Amino acid sequence: YLEIDLVVHCGCSTRGEYINTLSAVEISSGWWEGEAMIGRSQRATFEALRRIRERTPFQWRGIDSDNGPEFVNDMLYRYCCREALDFTRSRPYHKNDNAYIEEKNYTHVRKTLGYLRYDTLDELLVMNELYRGALRLYKNFFQPVMKLVYKERIGGHTRRKYDTPKTPYQRLLESKELKAEDKQKLRELYESLNPAELKQEIEAKVEELMKAYEQKRRIQQAEPNRKQKPRVTCLMI
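Description of the structure in this document. (Residues numbered from 1 in each chain as written. Predicted model: local features only at pLDDT ≥ 70, side-chain atom pairs only at ≥ 80, totals over all residues. Heavy atoms only, no water.)

1. A closer look at the overall build of the chain
Stage number 1. Scanning the chain from terminus to terminus reveals 8 helices and 7 strands.
Stage number 2. Taken along the three principal axes of its C-alpha coordinates, the chain extends 65 × 45 × 45 Å.
Stage number 3. Across the 237 residues that make up the chain, the buried fraction comes to 41%.
Stage number 4. Counting only carbon and sulfur atoms, one obtains 50% of the accessible surface of the chain, whose full area is about 15,100 Å².
Stage number 5. Counting 43 positive and 36 negative side-chain charges, the chain places the centres of these two groups 5 Å from one another. (Helix = DSSP H or I, 4+ residues; strand = E, 2+ residues; numbered from the N terminus. Buried < 20%, exposed > 50% of the residue type's maximum accessible area, 1.4 Å probe, protein only. Areas by Shrake-Rupley, 256 points an atom, 1.4 Å probe, with all protein chains shown as cover. Lys, Arg positive; Asp, Glu negative; His and termini not counted. Charge placed at Lys NZ, Arg CZ, Asp CG, Glu CD.)

2. What about the nonpolar core?
Stage number 1. One finds L22, W60, I63, L76, L113, M127 and Y131 to be the most contacted residues of the largest nonpolar core, which totals 47 residues.
Stage number 2. The contacts of L76, once residues within four sequence positions are left out, are F46, L49, I63, F71 and F87. (Core = buried A, V, L, I, M, F, W, Y, C linked by side-chain atoms within 4.5 Å. Contact = heavy atoms within 4.5 Å.)

3. Concerning the packing of aromatic side chains
Stage number 1. Summed over the entire model, instances satisfying the criterion amount to 8 aromatic pairs.
Stage number 2. Between F141 and Y190, the ring centres sit 6.3 Å apart and the planes meet at 20°, which makes this aromatic pair stacked. Taken together, the residues F141 in helix α5 (residues 134–142) and Y190 in helix α7 (residues 180–191) connect sequence positions 49 residues apart.
Stage number 3. Residue classification places F141 among the buried residues on the basis of a relative accessible area of 2%. (Phe/Tyr/Trp six-rings, centres within 6.5 Å; stacked < 30°, edge-to-face > 60°.)

4. Some points on the pattern of salt bridges
Stage number 1. Enumeration according to the criterion identifies 20 salt bridges in this entry.
Stage number 2. Among the salt bridges present, the one from R136 reaches E33, with a minimum N-O distance of 2.8 Å. Note that R136 is positioned in helix α5 and E33 in strand β3 (residues 32–38), a separation of 103 residues in sequence.
Stage number 3. Measuring nitrogen to oxygen at the nearest pair gives 2.7 Å for the salt bridge that ties E177 to R61. Within this pair, whereas E177 is found in the loop between α6 (168–174) and α7, its partner R61 is found in the loop between α1 (42–55) and β4 (62–65), the two being separated by 116 residues in sequence.
Stage number 4. Residue E177 is classed as exposed on the basis of its relative accessible area, which comes to 58%.
Stage number 5. Looking at R61, the relative accessible area reads 48%, which means it is partly exposed.
Stage number 6. The network of salt bridges with common partners includes E33, E35, R51, R55, R132 and R136. (Salt bridge = Lys/Arg side-chain N within 4 Å of Asp/Glu carboxyl O.)

Below is the structure:
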């Protein structure tokens, strides 16, 4: 079962079209996937979700999203019916209902790409190269995650108990739901990876993304300034 969400890369303005990241996490193992897309239309979101599903090493049973129209629509609902997927959504105005994916949005997306505005094809291509390659491999095979076992209230404090940290890869190998041949493919992939090389590739891709961003900024600044009408931001009567 997966939680899915969109991470916007609009900078300080939501005006116009910009890149969004479709972020997905499998709840039991913590396996994460991401896919970048221009805009947040129903079609773009649906296609990004299908691409994510193609590369996950397990069978899907259901998805859970927030109440955005990019998820709650006829296209995705009919797809879930055809594929026998459970489709659930969070309660309105209850952001903690999607706590698993909200955490990954920060640790996997924001900490890597920051809060700048990305809205060009060059930036989109670099981001997807990162999501489909080194970033997903490093996060899923070499970065351990802890799972909450229980929590209890003691006076004015909350005591939490976590299990032993394990990578999503290790949790999938321990899962009884994964087929033996799928586990073997994961082992072979794991043995072919080098975490140091993956880390260097991530840093190289982030640097390439920053160069594309700076190149875009230079082009924008070189354009002749257009006379703009003053905008009223606050009206007091």
